[in-house]
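# What the coordinates show
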Amino acid sequence: MPSPDPDLHNPLRRSFVKGLLGTTSFWMLGGHALWSQALAAEAARTYSPTFLTADEYRFLDAACERILPDDHNGPGAHKLGVAEFIDRQLQTPYGHGDNWYMSGPFVEGPANLGYQLPFVPRDLYRKGITAADAYSKQQHGKLFADLPTDAQDAILTALEGGSVKLGEIPGRVFFEQLRTNTLEGAFADPIYGGNRGMGGWLMVGFPGARADFMDWVNQDGAAYPIGPVSISGETA
Amino acid sequence: MKHADAIVIGAGWAGSILAKELTEAGLSVIMLERGPERSTAIEGAYPDSVDELRGAIRKRLFQNLSQSTLTIRNTIDQTALPYRQLAAFLPGEGVGGAGLHWSGCHFRVSPDDLRLRSAVIEKYGEKFIPEGMNLQDYGVSYAELEPFFDKAEKVFGTSGVAYTINGKVTGNGNVFAADRSSDFPLPPMQDTFSAQTFRNACSEAGYHPYAMPAANASRPYTNTYGCQMGPCNFCGYCSGYDCYLYSKASPNVNILPALRQDPNFTLIANAHVLRVDLDSTKTKATGVTYLETLTKKEVSLSADLVILSAFQFHNVHLMLLSKIGTPYDPVSNTGTIGRNFVYQTISSSRVWLPPSKYTNQFIGAGGAGVAIDDFNCTNFDHGPLGFIGGSPVWVNQAGMKPIAAAGGAGGGGAPRWGSAYKTDLVETYKHSLGIDAHGSNMAYRDVYLDLDPTWKDAYGQPLLRMTFTWKDNDIRMNQYVVSKIAPIAKAMGATKTHLVHLNQGQPFDTRHYQTTHLGGGAVMGEDPKTSALNRYLQSWDVSNVFVIGSNAFPQGMGYNPTGAVAALAYWAAHHIRTTYLKSPGPLVKL
């Protein structure tokens, strides 16, 4: 599937680390020091959304953090870069609904017969965020991102439960889109901009791209002993 | 117009097997595949291949619904709506078809699966069959198919352990399995920790656990065509992926490397077949017309023999679009194309082990695991239960990745987001395992496939319409088998068990993955009134058309379908080679 913009479709850190590998200083210094410096620098960078506006991005960052909050289990969506992941995904063929059947007529039907709206993911976010912030203002007098977390949770609960309609989009549809992409951003390979520092993988004990478990098929229930590696070669 | 002796539609398992057999017989063969070429060496190579987002989540190897899909409804009085997003089932697209992204569960059949109507009537009488259930025999026996199961396993490099070979007990395989003429080509896959825990508990409970037969190579292997496989390392990237280790059998690894060497063979990718062309009598195919999807140019080819070997429902769709045979009408109960559409009745339960035990769910192989057949097919007494069919029960730890695990965590009253959800996700991912009841699904008069009156594909042709829901017989079967999981879970040392089963009145839900094992719609049999194909998978109506795939199954069986599809493909090919080509025409005369 050709990408409308190869730079955007190409995962983030693949090119970043490949670029690094090509530098003389990398090979001269060698070892893990430069890797970790480079990765730390990258983790600290700020991201400017390209598809979403600054206000939409603020909503997204706040909402994702409520779905996957920072807690004793591990980092939340904000630290993991989930909003960045979603903004990047919306610029790929996925954001344009490239493998969804989008021919009309669009007819409402029972929920179990699946998605029937004329909107691709980009539309769902643009329309959904605008309407959710309007709902937040109407209910609480503030934008979603400016509310205390318990009020944010109340809004998300109402959306999930299906009692709120966001303009043309049922609240539940918007919520499910948000939840699905949040979890993708937390647990996809870091090359896509989320799962920073492989924090999502460390939390659940997934070793990433190791993909060779010949010696651990059956160790009587012992935990797999090696930490994750990403597709670009990042380790943690 | 370009001519081939035979045109094969679809480059999955069925098409690759037929193309190989027909070129061996000296025929010129053109294979048409609507998706792109697929090469493990390029796009399936490590590390890009072990990328969950790019693979199973963004659905790289599956059908692109933007071009063509189907519509779905539960009952005849509903308006069917388009299946707009892939979810409940995942057909393949591109060279290798679903055979590139499958798991590798490679079963034979239970002999009674092939003669279920006869077996039920023999044991319980005809009245045992509920009103509206189209229970049918295949018209072919296990003894007839055995050489072709054997042949397929040696092509697929199947790992497993036999119970009996030529009537003698040889190993600790499935005691319910039919006799074999030779052993599996490779020894069984190792039990994962989860599978071994299940095995021990099943033995304790008095059941008969066995290593699932897997088309994942337990050792290096060179198959009958000279194609090579490397040993599986349990990386966990089978279902939804192309195996970077060349350990999982696929048409791309196990057949096409040999086929591509044959000068009589031509593979055309990006070729979407619009119809099989018939002569004016509608009893003979003259060739096919396809669209070059990259240039949008329509091309017609002529052929003496046309093999439909696309995915199950694409075969039915093409028959309806080409007007091969008579479309099924559930009201008048006439016609056969679209009749006996079936699925499988599957539910996945979850068992949590103590916190000291890590199930390492990311470790696995698609076809590997431990199963029991005590509640499959006719292996138990259905008399007092009053339903037909059954389910193997298994722990098939195939490699659970974190996006899929996170998506599925929570629900059923438990939070699906927030801190409590996170806690549950971590515990579930680290310490739980899945147990599946992978069951049969019977055929019913009002469950079928036809053409949709409203929606069209990107080429202007009507979409296929599916009318399907769960029925009482199959729901009760599923509930009964799932009830047998509870004591096994207890014996496994479960700290918590979440049993999942269908409920009465629950309609088929297209939004959640169930299985890609669709079947029927153009079934084989002995009576042209109730089957689209004769016992050699030849169209009753157009004798130079053979339709190969799970579309031929009169009802959905408990086992995964690929093993039966491959055996039926070799069976049909054998009869084309030995009988049909000498004297083309119907292989069964009425």
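It should be emphasised that the depicted structure is a prediction, and the values quoted were computed from it without experimental measurement.

## Regarding the overall build of chain B
Each helix and strand in chain B was counted, giving 14 helices and 21 strands. Here the C-alpha atoms of chain B give a radius of gyration of 23 Å, agreeing with the 25 Å that 2.2 N^0.38 yields for 590 residues. For the C-alpha atoms alone, the extent of chain B along its principal axes is close to 70 × 55 × 55 Å. Here chain B holds 590 residues, and the buried ones make up 65% of them. Restricting the contact set of chain B to residue pairs at least 6 apart, pairs at least 24 apart contribute 75%. Accessible surface, chain B as shown: approximately 19200 Å² in total, 53% of it carbon and sulfur. Side-chain charges of chain B comprise 50 positive and 49 negative groups, with the mean position of each set lying 3 Å from the other.

## Brief notes about helix α12 (residues 472-483) of chain B
Residue and element names in this part refer to chain B. For α12, which comprises twelve residues, the first-to-last C-alpha distance of 16 Å matches the rise-based estimate of 16 Å (1.5 Å per residue) to within 8%. Those residues of α12 lying buried are Asn 473, Asp 474, Ile 475, Met 477, Asn 478, Val 481 and Val 482. Residues of α12 that are buried sit in contact with β14 (345-352), β16 (393-395), β17 (432-439) and α13 (485-491).

## Remarks on the pairing of β17(B)
Residues and elements named next belong to chain B. The element β17 is largely enclosed, with a buried count of seven among its eight residues. Sheet topology places β14 next to β17; eight bridges connect them, and they run antiparallel. Across the sheet, residue Thr 345 finds its bridge partner in β17, namely Gly 439. Relative to β17, β16 runs antiparallel, the two being bridged by two bridges. Bridge pairing in β17 links Val 393 to Ala 437.

## Digging into the sheet that holds strand β3 (residues 70-73) of chain B
Residue and element names in this part refer to chain B. Within the open sheet, the four strands sit side by side as β4-β3-β19-β18. Their pairing is mixed. A single partner strand is all that each edge strand has here, and the edge strands are β4 (81-82) and β18 (448-456). Alignment of β3 against β4, held across two bridges, turns out to be antiparallel. Considered in β4, the bridge of Ile 72 is made with Leu 81. Of the strands in this sheet, β3, β18 and β19 (462-467) are in contact with helix α9 (residues 312-322), which crosses β18 at around 70 degrees.

## Some details on the interface of chain B and chain A
With 68 residues of chain B in contact, the opposing surface of chain A contributes 71 residues. With both sides pooled, the region where chain B packs onto chain A buries about 5700 Å², and carbon together with sulfur makes up 57% of that total. Three residues, B:Arg84, B:Trp417 and B:Lys422, lead the burial of chain B against chain A; their summed loss comes to 16% of the area buried on that side. Scanning the region where chain B abuts chain A turns up five salt bridges.

## Comments concerning the environment of B:Ala405
Residues and elements named next belong to chain B. By the element assignment, Ala 405 lies in helix α10 (residues 402-408). For Ala 405, a relative accessible area of 12% translates into the label buried. Along the sequence, Ala 405 and Val 426 sit 21 residues apart, while their C-alpha atoms lie 9.6 Å from each other. In contact with Ala 405, other than residues within four places in its own chain, are Met 400, Leu 425 and Tyr 429.

What counts and how
- Residues numbered from 1 in each chain as written.
- Chains lettered and ligands numbered in written order.
- Predicted model: local features only at pLDDT ≥ 70, side-chain atom pairs only at ≥ 80, totals over all residues.
- Heavy atoms only, no water.
- Helix = DSSP H or I, 4+ residues; strand = E, 2+ residues; numbered from the N terminus.
- Rg over C-alpha atoms; globule rule 2.2 N^0.38 Å.
- Buried < 20%, exposed > 50% of the residue type's maximum accessible area, 1.4 Å probe, protein only.
- Contact = heavy atoms within 4.5 Å.
- Areas by Shrake-Rupley, 256 points an atom, 1.4 Å probe, with all protein chains shown as cover.
- Lys, Arg positive; Asp, Glu negative; His and termini not counted.
- Charge placed at Lys NZ, Arg CZ, Asp CG, Glu CD.
- Expected span 1.5 Å × (residues − 1).
- Pairing = 2+ DSSP bridges.
- Axes fitted to C-alpha atoms, helices over the stretch in contact; angles between N-to-C directions.
- Buried area = accessible area lost by both parts, 1.4 Å probe.
- Salt bridge = Lys/Arg side-chain N within 4 Å of Asp/Glu carboxyl O.

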